Every structure is written in structure tokens, then in C-alpha cells.
Amino acid sequence: MVLRDLKHLIFFEDLLQDANNALVQAACAEGRHALAYNCSYIPEVLLDVEGCFSVRLRAPRCTNPDLATYYMTNRSCPYSKSILERAFEGGYNFIDALLGQECCTTMNRMEQYFEYCKLIPNEKFFTACIDMPIKKGDWYAGYFRRQIEKKIITPMQETYGVDYSEDKLMDAIERHNEICRLITEIGSYRKLDNPTITGYEFHIIQLVTLACPKYLIVDKLRETAEELKTREPDMKWPFRCKVVLAGSENDDPDFTKLIESCGAEVVCDRYCYGAVESRIPIEIKEGDDPLYVIARHYLETSNCPRFMPQDEMRARKRRIAELAKEYHADGVIVASNKFCEYWSYERVIDTVVLPRDFGLPVCSIEKEYINSASGQLRTRFQAFVESVEIKKIQEGK
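What counts, and where the lines are drawn
- Residues numbered from 1 in each chain as written.
- Predicted model: local features only at pLDDT ≥ 70, side-chain atom pairs only at ≥ 80, totals over all residues.
- Heavy atoms only, no water.
- 1 Å grid on protein atoms, 1.4 Å probe; cavity = no way out; pocket = protein on both sides within 12 Å on 5 of 7 lines; lining within 4 Å.
- Points joined across faces, edges and corners; volume = space filled by probe spheres on them.
- Helix = DSSP H or I, 4+ residues; strand = E, 2+ residues; numbered from the N terminus.
- Nonpolar A, V, L, I, M, F, W, Y, C, P; charged D, E, K, R; others polar.
- Axes fitted to C-alpha atoms, helices over the stretch in contact; angles between N-to-C directions.
- Contact = heavy atoms within 4.5 Å.

Caption draft 1: Molecular detail of empty space enclosed by the protein. According to the stated counting rule, one finds two cavities of 30 Å³ or more in the structure shown. By volume, the largest cavity amounts to about 270 Å³. Looking at the largest cavity, it is lined by 22 residues, and the ones nearest its centre are Ser40, Tyr273, Glu277, Ser278 and Ser302. Looking at which element gives the most residues to the lining of the largest cavity, the answer is helix 12 (residues 290-301), with three residues. Of the residues in the lining of the largest cavity, the class split is ten nonpolar, nine polar and three charged. Looking at the second largest cavity, the residues that line it are Leu15, Leu16, Asp18, Ala19, Val55, Arg56, Arg58, Pro60 and Ala211. The residue makeup of the lining of the second largest cavity, split by class, is six nonpolar, no polar and three charged.

Caption draft 2: The arrangement of the packing of helix 7 (residues 166-188) against helix 12 in detail. Closest axis-to-axis distance for the helix 7/helix 12 pair is 9 Å, and the angle between their directions is 35°. Of the residues in helix 12, those touching helix 7 at Glu166, Leu169, Met170, Ile173 and His176 are Pro290, Leu291, Ile294 and Tyr298.

Caption draft 3: Focus on the environment of Val208. Mapped onto the secondary structure, Val208 falls in helix 8 (residues 199-211). Taking the C-alpha atoms as reference points, Val208 and Met132, 76 residues apart in sequence, are found 26 Å from one another. Those residues in contact with Val208 that sit more than four places away from it in its chain are Phe12, Leu15, Leu16 and Ile217.

Caption draft 4: Summary view of the layout of surface pockets. Taken as a whole, the largest pocket holds about 440 Å³ of empty space. Taken together, 24 residues form the lining of the largest pocket, with Cys104, Met107, Cys340, Tyr342 and Trp343 sitting closest to its centre. When contributions to the lining of the largest pocket are tallied by element, the ones reaching two or more residues are helix 5 (105-116) and helix 14 (341-358). Split by residue class, the lining of the largest pocket holds 15 nonpolar, seven polar and two charged. Taken as a whole, the second largest pocket encloses approximately 370 Å³ of empty space. Looking at the second largest pocket, it is lined by 19 residues, and the ones nearest its centre are Arg61, Asp252, Pro253, Asp254 and Ile370. Contributing elements (two or more residues each) for the lining of the second largest pocket: helix 8 and helix 10 (253-261). Of the residues forming the lining of the second largest pocket, the biggest block, five residues, is contributed by helix 10. When the residues that make up the lining of the second largest pocket are grouped by side-chain class, the tally is eight nonpolar, four polar and seven charged.

Now the structure itself:
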């Protein structure tokens, strides 16, 4: 017996072929505002208030960002260059605003070019960049709240008349939490000894919730969650080991498919835009200030390497080790995009600390945004899988 195909998987795959997919076009045709963002720091829930929808920018199949390289140099992050290249091509002409951040210099520069070069044919289009705190705590959550109010809420109210009243925020939180609960339920089947959903399938489903209007896919997510309750696993587990995939920005499902084709099932995603942090429901009690709760939630649930204090760095390593235990993973693959300063340091530290302090084998990878040449990566992953198998044999597992 082999896994039965998920009913909506092909539909989800088709949606991820272009940023301006069929559901995005349908939402725009209804008069909703498309609000784009790049960083997991940006409160996604605020971009999904009534009359708006969030779009996490991607650049599928972009392998030669030549024009963007002219503007940003060949030593810039390939993700940022690919997004800028796609903007020059007109791939994001549908968006009404780009909400960014000031923590990553390369991404911030890319976002500024959207305005400098007038890349979006919309007179009302604007770019706003939030100054993110680098520490956690009540004061920093309050500062983040003020930044959100200044850089997102006020411009959206003044430019497009969007209603950010308390009732609208509570409604957005409720709808956001349903998506979180569905994705968490779907992902829970990856904890089984013989998971009934692959890492590739989960990657597709999670990406769809980031790249499409949520109100147009929530019914299909509900059906998928229901379908997985009775989905039978393979008679024989088809992989050789299980891994946690950690690291920087990763919106290429084919990268996950490549890993799994080498025998390592990806059972947990601790990378930028993975579901581990982004799909934690927002907890709010009666009488709470919704905007402060949102600011505190995104600040406290973030595991970005931009948080430099030693206790935060150690907590991130423990977090990966805990996830490996929770999802029964045999090892960790840490992948960073080329020239990503934050994750390059983090990746090197993970490579040392995780085996030394937690006994977890680590495969450290530096990659392009879209990996068109996969031969070298395949060799690395195959060798890693073999080393994990040898370790399991030596431990008598």
C-alpha cells in the first residue's frame, strides 16, 4: 500500500507557480487590498483584516536575477535579488503595499527599490519598513506596537481607509488562529512512527497559507485535515531516517523534495516561514489590547538569529533539540541562503553545538534561492543519510 494522493495537492501546487495566482486575482477582483511582505517579523494577521489579504512574496523559477544583481551586487542575498528581479518583470503589479523591516540590510534595500524605481503601477502604492527590536520583553513589545501603529496601521488607514478597530482586529485574530489550528493538526501526523504526510506535501500546504488569500483556501484546508484522519500510511516506511530542516528563508518545495528523494524524511520545519513558529495561535484574553497582544506574540515567538543575547542563542539550540525529540528526528539539516549574514553565523554555531551538546548529527548547507543544479546537494544529503544510518547501527537502534 502507498499513500493515497491528497485531494487538493495538485491544486495547491498550481497556486504556487506564480505570485499572482488564480486566488490572488480573484481576491483583487473583489476589491480587496493585496498587502505584500517578506519577513516573518511582519504581523501577518494585521495584513488579513477585513478588506485586505496578505501575500508572502516569492519568485518561483527565478534562477538568474541579472538586473537585480546590477542594482544590488553579486554578493547580495539571492532571495532578495530574486524578489527584486521578479518585481522588475512585473510579477507583483497587483500589490497595494509592501510591508518590510529594517533588520536585514539586503532585504531592506530590496524593499526600498520598489519605491525608488517605481516598480508597482499604482499611485497609492507605498513601502513601509518597521524598526524591529533586537531583544524581547514588555518594553520591546510596546516599542514594536508603536512601530506597527506608525508603519502599518496609520498608512493603511490614511491611504486605503482600512478599518483597524478593535472588533476588526479580534476578527482577524480569530480567522488567523483557525488557520494555525488547521496547519498544526495537519503537521501533527508527521510525529507518527510512519507519518501519513510527507515533508514535501506539508511544505506545499504551509506555503499556500502564506501566498494565497486565506479565506479562499480555508475550506480546502479543513477538507485536507479531515482527509488525513483516515489516510493510511505506506505498508513499509519508504525513508531511511527523519530530519528537522532548519535555517533561513526557504519557499522552494523542490528543496524539500530533493532531501526526501535522498532518503531523509523532513518531519519538522524550523526555518523562516516554516510552521513551527508562524502557526502558533495568538492567545488573547478579554480586556487585552489586541494590538499589543499581536506585537508581543510576534516578538516572543520569533526564533530569528537576529536576537543576539547569549541566552537567546542557547534557547534556539535547545528549541531545535526539543523539536528533534518531539518529531522523532534522527538528525538536523541546517540550510542558509548564500550571503545571509545572520544565518551564516547561526548555521556554523548549530554545526558545532547541536552534535556536541545534544548528540544530534548535523548537515550544514549553503544554498541558492532556487537550486537549479542539485547534483552536489544530492551527494551531500546522501552522504548525510548514510552517516545517520551508521550512527543508528552503532547505537543499536
